[in-house]
Amino acid sequence: MGKLSTDSLKPVQKPRKCPKCGKIYYGYPALSREDNKTEVCPVCGIEEALLAYLRQ
Ligand SMILES: [Zn+2]
């Protein structure tokens, strides 16, 4: 198992940029319901889930 030596003490949480709201977030992304492959922030994920629910 090869390790990257830089900052090995930090938890491996890369900052991600949400393509929907443009915010930087950490942690696990949510899959956009629009195409099922775009990774959005959890907030947008919840928002999309709510919108999908409301559209029913
Ligand atoms: Zn977002």
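Look up: the structure comes first, before these words.
Note that the structure is a prediction, hence the values are computed from the model and not measured. (Residues numbered from 1 in each chain as written. Predicted model: local features only at pLDDT ≥ 70, side-chain atom pairs only at ≥ 80, totals over all residues.)

Quick notes on the overall build of the chain
Looking only at helices and strands, one finds one helix and four strands in the chain. Along the chain, from the amino end to the carboxyl end, the secondary structure elements read β-β-β-β-α. Going through the 56 residues of the chain one by one, you find that 9% of them count as buried. Pairs at least 24 apart in sequence give 5% of the contacts found in the chain among residues at least 6 apart. (Helix = DSSP H or I, 4+ residues; strand = E, 2+ residues; numbered from the N terminus. Buried ≥ 20, exposed ≤ 12 C-beta atoms within 10 Å, placed from the backbone. Contact = placed C-beta atoms within 7 Å.)

Looking at the environment of K17
Here K17 lies in strand β1 (residues 16-17). Residues in contact with K17, not counting those within four places in the same chain, are G22 and I24.

A closer look at the environment of K14
Examined against the element boundaries, K14 turns out to sit in the segment before β1. Residue K14 is classed as exposed on the basis of its C-beta count, with 6 C-beta atoms lying within 10 Å. Residues K14 and Y28, 14 residues apart in the sequence, show an inter-C-alpha distance of 9.5 Å.

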